[in-house]
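# Residue-level structural notes
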Amino acid sequence: MSLQCGIVGLPNVGKSTLFNCLSNAKAQAANFPFCTIEPNVGMITVPDERLNQLAKLVHPQKIVPTTVEIVDIAGLVKGASQGEGLGNKFLANIRETDAILHVLRCFDDENVTHVDGSVNPVRDKEIIDYELQLKDLETIESRIGKVQKQAQTGGDKQAKLQLDVLLQFKTALEQGKAARTVHLATKDEQRVAKELFLLTNKPVLYVCNVDENAAVSGNAYTEQVRQAIREEDSDMLIVAAKIESEITEFETYEEREMFLNELGLTESGVNRLIKSAYKLLNLETFLTAGPQEVRAWTYLKGSKAPQCAGVIHTDFEKGFIRAEVIKYNDYIALGSEIACKEAGKINVEGKDYIVQDGDIMHFRFNV
């Protein structure tokens, strides 16, 4: 399942440093704009303690976590929607992603230049918002020109539906609002919206990059961001990218844990960010457990059992008969599949079963 989160932001806010922490890829992180010319792509392992707990009971030959794809996109600047900087290419890279991690600089450091001369995360956010909104407005107006006459004179119901959705988006964008703030009431409207691939209709997580002193509770800058996004359908995460890069240098888990404890953190910002990115993409995980492997599998939230079977192999979906499901907490409490069966904790589910995050699945199929 190749869904991507794109990391965006102005130059020198810490995008590539954060990307390096996430993927251990060697994206160039330098103190000047446009050091990331091509988008760097990393397959990131999603932390899931449930795998370790299952492995203690099952003793598999291997543990296989699931992954999420992260793309580091070079910094945008004012005028990107008109091609300033490397704008057109960057906007095209964003369009190809499914969700956006918007990194905002929330730290002072005279040794790291700011493209606009001062630290102001709300202003930085608004610069990128504005550029993305302008590009979306350009897309909307182009589409309106194509369907308006057809909708008004041709009696085409589909064209009328498209025009209605386009006009709703146009109104919001002209008011300086993101497309995702528009509430579309019907599934048909939502389908039309999805086909537009609007930049500001993508889900967004704002990542506030702070210094060590603000790693736990944030600072005045992060509070400004929190207030600025309070009416948006989006979340905010506080991460100290410089500290995260130091954590990756430790060789052992124990050393990393000790370092985090000294900072007052219970979990690394990178782990929290990966989990948040996974959630942002509307993804969940089902599990399989056996002597060969304990494995996490990614599926879209709301998927039914046959669709999830198809994640493992297309034949499983084609020949789906039933799914045998054990809830994770039952498995851990009882200690084995046999014990769950004896306790009546294995549910047999059919084609309409909506898989739940953490379900331990065994599919029966016939091809």
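Values in this document were obtained by computation on a predicted structure and should not be read as measured data. (Residues numbered from 1 in each chain as written. Predicted model: local features only at pLDDT ≥ 70, side-chain atom pairs only at ≥ 80, totals over all residues. Heavy atoms only, no water.)

## Thoughts on the sheet that holds strand β1 (residues 4–8)
Taken in spatial order, the six strands make up an open sheet running β2-β4-β1-β5-β6-β7, and their pairing is mixed. Pairing within the sheet leaves two strands with one partner each, and these edge strands are β2 (40–45) and β7 (235–239). When the angles between neighbouring strand axes are averaged without regard to direction, this sheet yields 25°. Alignment of β2 against strand β4 (residues 67–72), held across six bridges, turns out to be antiparallel. (Pairing = 2+ DSSP bridges. Helix = DSSP H or I, 4+ residues; strand = E, 2+ residues; numbered from the N terminus. Axes fitted to C-alpha atoms, helices over the stretch in contact; angles between N-to-C directions.)

## What to know about the layout of surface pockets
Empty space within the largest pocket amounts to approximately 1,300 Å³. For the lining of the largest pocket, the secondary-structure elements that each account for two or more residues are α6 (187–196), β6 (204–209), β7 and α10 (269–280). For the lining of the largest pocket, the element with the most residues is α6, which contributes four residues. Counted by class, the lining of the largest pocket contains 14 nonpolar, seven polar and ten charged residues. Put simply, the second largest pocket is a space of about 880 Å³. Along its surface, the second largest pocket is lined by 30 residues, and Pro 47, Tyr 253, Arg 256, Ser 268 and Asn 271 are the ones closest to its centre. Listing elements by their share of the lining of the second largest pocket, those giving two or more residues are α1 (15–23), β2, α2 (49–58), α8 (241–247), α9 (253–263) and α10. The residue inventory of the lining of the second largest pocket, partitioned by class, reads 15 nonpolar, eight polar and seven charged. (1 Å grid on protein atoms, 1.4 Å probe; cavity = no way out; pocket = protein on both sides within 12 Å on 5 of 7 lines; lining within 4 Å. Points joined across faces, edges and corners; volume = space filled by probe spheres on them. Nonpolar A, V, L, I, M, F, W, Y, C, P; charged D, E, K, R; others polar.)

## Structural notes on the pattern of salt bridges
Throughout the structure, instances matching the rule amount to 18 salt bridges. Among the charged side chains, a salt-bridge network with shared partners connects Lys 125, Asp 129, Arg 180 and Glu 232. (Salt bridge = Lys/Arg side-chain N within 4 Å of Asp/Glu carboxyl O.)

## Remarks on the nonpolar core
The biggest cluster of nonpolar side chains holds 60 residues, and the ones touching the most others in it are Ile 70 and Leu 101. With 20 residues, the next largest nonpolar core counts Ile 140, Val 165, Val 192 and Leu 198 among its residues. (Core = buried A, V, L, I, M, F, W, Y, C linked by side-chain atoms within 4.5 Å. Buried < 20%, exposed > 50% of the residue type's maximum accessible area, 1.4 Å probe, protein only.)

## Examining the packing of aromatic side chains
For the coordinates displayed, the defined rule picks out five aromatic pairs. With a centroid separation of 6.3 Å and 10° between ring planes, the pair formed by Phe 286 and Trp 297 is classed as stacked. Here Phe 286, found in strand β8 (residues 283–289), pairs with Trp 297, found in strand β9 (residues 293–300); they are eleven residues apart in sequence, far enough to count as distant. Classification of Phe 286 by relative accessible area gives buried; the value is 0%. Look at Trp 297 and you get buried, because its relative accessible area is 12%. One aromatic cluster is present, built from ring pairs that chain together Phe 286, Trp 297, Tyr 299, Phe 320 and Phe 363. Geometry around Trp 297 places Arg 295 over its ring, the cationic atom sitting 4.1 Å from the centre. (Phe/Tyr/Trp six-rings, centres within 6.5 Å; stacked < 30°, edge-to-face > 60°. Lys NZ or Arg CZ within 6 Å of the ring centre and 35° of its normal.)

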